[in-house]
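# Fold and contact review
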Amino acid sequence: MMKKILFFTACLAVQFSDAQNIQDVVRVSSDEPIGTARYLAMSGAFTALGGDLSSVGINPASSAVFLSGSGNVSLGILDKANDSQYENRTARGIDTDVALNQAGGVFVFNNFNENSKWKKFTLGLNYDNTNNYDNFLTANGTSNTSISNFFLSEAQGIPLDLLQLQGGETIADLYSFLGETEGVTAQNAFLGYQGFLIDPLEDTPSNLVYTNAVNGNNFNQEYAKETSGYSGKYTLNVAAQYTDNFFFGVNLNTHTIEYRERKTFREQNNTPNTSADFVLFEENLLSLGNGFSAQIGAIAKIKNNIRLGLSYETPTWYEISEETTQYLRTVSESQNRDIRLDPGVINIFQTHQVKTPSKLQMGAAYIFGQKGLISLDYSIKDYSGSTLEIANNSAPFQELNSEISNTLTSAASIKVGGEYRYKDMSFRAGARLEESPYQDKAILDDLSGYSLGFGYNFGNYTFDLAYSFAEQDGSQILYNGLANGITTQNKQNNIIITLGFNL
C-alpha cells in the first residue's frame, strides 16, 4: 500500500524547485484551437465573426450574433507523432486519442420593444477542450555519459549520514524523512547512493562530496515519456446586440486540468566490472488543477460587409496540486547484485497558485454577402508575466519566477480563415502561425499549421467536419548530467465532427 507524505512549509523552496519547472508553466498557459469543426476548419479566426459556440470562448460578443438558439456537440480524433533524435539516432512515438471536444448551447431572447436600441440578449453555456495532453515521446541512442551523473549532481552538498539507513530504518522510512525535511533533491541522491551509482569521496558521516561509481563511456540508453489528460474551459456567457451594428459580451470561465506523466529511462552498460550493468529509473507525476478567468469582448459591423472584433481575457488563476512517485533498479552481474528501490511513497506537494498570462485578441472579417467570408485574427500573450505562489506568498518560487521572466517572452498568434457557401454546403480553410513563448526558439520553435473543413445545413440541424495539421520543433534536456538532450519534431493531425441543432 502506498504511504502518503505531505511536505512541510519549512522546505517548500527546495521541494518546488524540483516539482515545478518552466515547461509546466507553459503547458498550463497554452491552449489549442480545438472546439467545433467549423471553428477548427477556419483555424480559430473568429474574433470578428461570432455565430459559433467555440468563438464564444475567444470573444464573448460572439453569442449575440446568433439569430436563434443553437446547440452543438463535437467529437475529435487527435493523432500526435513525435520524431526525436538522440545521440545521432532517430525514433518515433505515436499516440491517438478520441475525446469530447465541445458541448454547449446559446439561448436567444429577442427584445420586442421596437423603440429600444437593444435588439436582443443571449445566454450561453459551453464547454471547450482547450488542450489534449495525450502524447508519447521516445528516444534511444548510445551516449558517453551515464544516468549516474544525474544522481551525482543531485548528491553534491548532502551529508552522507542522511543517505545511509540507520538501525531498523527501511527504504520507505528514510525516503519519507528526506522528502519531509530536505526535498526531492535529497531523495534523488538517496536513490543514487542506495543503488550503488555514486560513492562518497570520504566514508565519513559529514562527507559532502561524491564521485561516480559507474565505469564506462559507452551507454545504450532508451527514454520514454508518456502523458495523458486534458484541460477544459467551462463558460457562462451573457451578451447583447445594440442597434444593428454592435455586439457586446462577458464570459465567466472555470478551468480544469488533469495531467499525468510517466518517464522511464533505461541504460545498458557493457563495461566489465562496473557497479551497474543495467539501470531503470522511473518517475510519475499527477497534476490536478482548477482555475478562474473572465473575458469581455465586442464586435462591430462597419458598413454591410466589414466586421471588427476585440476581446480581452484576464489572467487565469489556478489552484494546482501535484503528486510524484519514483522507482530505481540497478543490476551488476559482476557483483551479483540486483537492487530494486521502490519506496512505495507518494510525494504530495502543497497546493500552489499559478497565474497564467492575460490575452488580447483582435480580428477583422470581410463578408461576401451570402457567398462566404474571410477572417483574420491577431492575439498577443506575455508568458514572461506568469507567476507561482503559495497563499499570497511568492517567496518559495522567487528563483523560478525570475527564471520565467528571463526565459519566456511575449508570443503573438496570427490566424486566417475563409468560408465559401454553395446552397446548403460550406467549404472552409484556414492557417495559423503561433510564436514560441520561449526567448530561445531552440527550446520550442514557432508553431505552424493549416486546416480544411466541410459543412452541410439540413435545416433543423447541421453537420460539420474538419481536419487540421500542425507541427512544431523543439529540444529538451532529459536529465542534468547527461551530455546531450534530444531534438523533437511534433506533428498533430486532428479530425473533428460537430452535430448542431436548433434550440
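For the structure, see preceding data.
Here we summarise the structure given alongside this text.

## Some points on the overall build of the chain
For the chain, the count of helices and strands is seven helices and 22 strands. The burial tally for the chain puts 53% of its 503 residues in the buried class. Element-wise, carbon and sulfur atoms account for 54% of the exposed surface of the chain, whose accessible area totals about 22000 Å².

## Quick look at helix H5 (residues 171-181)
Structurally, the α-helix is built with 3.6 residues per turn, so residues lying three or four positions apart point the same way. Turning to H5, its buried residues are Leu174, Tyr175, Ser176, Leu178 and Gly179. Among the residues trailing H5, glycine 183 stands out with phi positive, at a value near 110°.

## Overview of the environment of threonine 130
Among the secondary structure elements, threonine 130 is positioned in strand S4 (residues 118-132). Its relative accessible area of 14% is what places threonine 130 among the buried residues. The spacing of threonine 130 and serine 30 is 100 residues in sequence and 8.3 Å in space, taken between C-alpha atoms. A polar side-chain atom of threonine 130 sits 2.8 Å from a polar atom in the side chain of serine 231.

## Observations regarding the packing of aromatic side chains
Per the stated rule, a full pass over the model turns up 18 aromatic pairs. Ring geometry for phenylalanine 150 against phenylalanine 151: centres 5.1 Å apart, planes inclined by 70°, an arrangement best described as edge-to-face. Grouping residues by exposure puts phenylalanine 150 and phenylalanine 151 together as buried. Ring plane angle 80° and centroid distance 6.5 Å describe the contact between tyrosine 223 and tyrosine 479, whose orientation is recorded as edge-to-face. Of the two residues, tyrosine 223 is situated in strand S8 (residues 219-242) and tyrosine 479 in the loop between strand S21 (461-476) and strand S22 (486-502); the sequence distance between them amounts to 256 residues.

## Thoughts on the pattern of salt bridges
On inspection of all chains with the given rule, the structure shows 17 salt bridges. In this structure, glutamate 32 and arginine 432 form a salt bridge, with 3.1 Å as the shortest nitrogen-oxygen distance. Taken together, the residues span a long stretch of sequence, with glutamate 32 in the loop between helix H2 (22-29) and helix H3 (37-41) and arginine 432 in strand S19 (residues 425-434) at a distance of 400 residues. For arginine 432, a relative accessible area of 11% puts it in the buried group. Glutamate 282 is the salt-bridge partner of arginine 262, the closest N and O atoms lying 3.0 Å from each other.

## A closer look at the packing of helix H4 (residues 148-155) against helix H6 (residues 184-194)
Across the interface, H4 lies against H6 with an axial gap of 8 Å and an inter-helix angle of 130°. With respect to H6, the element H4 is oriented oblique. Where H4 crosses over H6, the two elements pack in a sense that is left-handed. Along its contact with H4, which presents Phe150, Phe151, Glu154 and Ala155, the element H6 presents Thr185, Asn188, Ala189, Leu191 and Gly192. Here the contact of H4 with H6 is built from residues that sort into five nonpolar, three polar and one charged.

## Digging into the nonpolar core
Phe151, Leu191, Leu328, Leu478 and Tyr479 are the most contacted members of the largest nonpolar core, which has 38 residues in total. Among the elements that take part in this core, H6 stands out by supplying five residues, more than any other. Not counting chain neighbours up to four residues away, the residues in contact with tyrosine 479 comprise Ile147, Phe150, Tyr223, Lys263, Phe265, Phe281 and Glu283. Residues Val26, Val28, Tyr259 and Leu285 belong to the second largest nonpolar core, which totals 20 residues.

## Notes on unusual backbone geometry
Notably, glutamate 87 is not glycine yet its phi reads approximately 50°, a positive angle. Along the chain, glutamate 87 turns up in the loop between strand S2 (70-86) and strand S3 (89-110). Of note, the phi angle at phenylalanine 196 is positive, near 60°, even though the residue is not glycine. Looking at the secondary structure, you find phenylalanine 196 in the loop between H6 and strand S6 (198-200). By relative accessible area, which is 36% here, phenylalanine 196 ends up partly exposed.

Criteria and thresholds
- Residues numbered from 1 in each chain as written.
- Predicted model: local features only at pLDDT ≥ 70, side-chain atom pairs only at ≥ 80, totals over all residues.
- Heavy atoms only, no water.
- Helix = DSSP H or I, 4+ residues; strand = E, 2+ residues; numbered from the N terminus.
- Buried < 20%, exposed > 50% of the residue type's maximum accessible area, 1.4 Å probe, protein only.
- Areas by Shrake-Rupley, 256 points an atom, 1.4 Å probe, with all protein chains shown as cover.
- Polar contact = N/O pair within 3.5 Å; in protein donor to acceptor, adjacent residues only side chain to side chain.
- Phe/Tyr/Trp six-rings, centres within 6.5 Å; stacked < 30°, edge-to-face > 60°.
- Salt bridge = Lys/Arg side-chain N within 4 Å of Asp/Glu carboxyl O.
- Axes fitted to C-alpha atoms, helices over the stretch in contact; angles between N-to-C directions.
- Parallel < 35°, antiparallel > 145°, perpendicular 65-115°, else oblique.
- Left-handed = near helix turned anticlockwise from the far one by under 90°.
- Contact = heavy atoms within 4.5 Å.
- Nonpolar A, V, L, I, M, F, W, Y, C, P; charged D, E, K, R; others polar.
- Core = buried A, V, L, I, M, F, W, Y, C linked by side-chain atoms within 4.5 Å.

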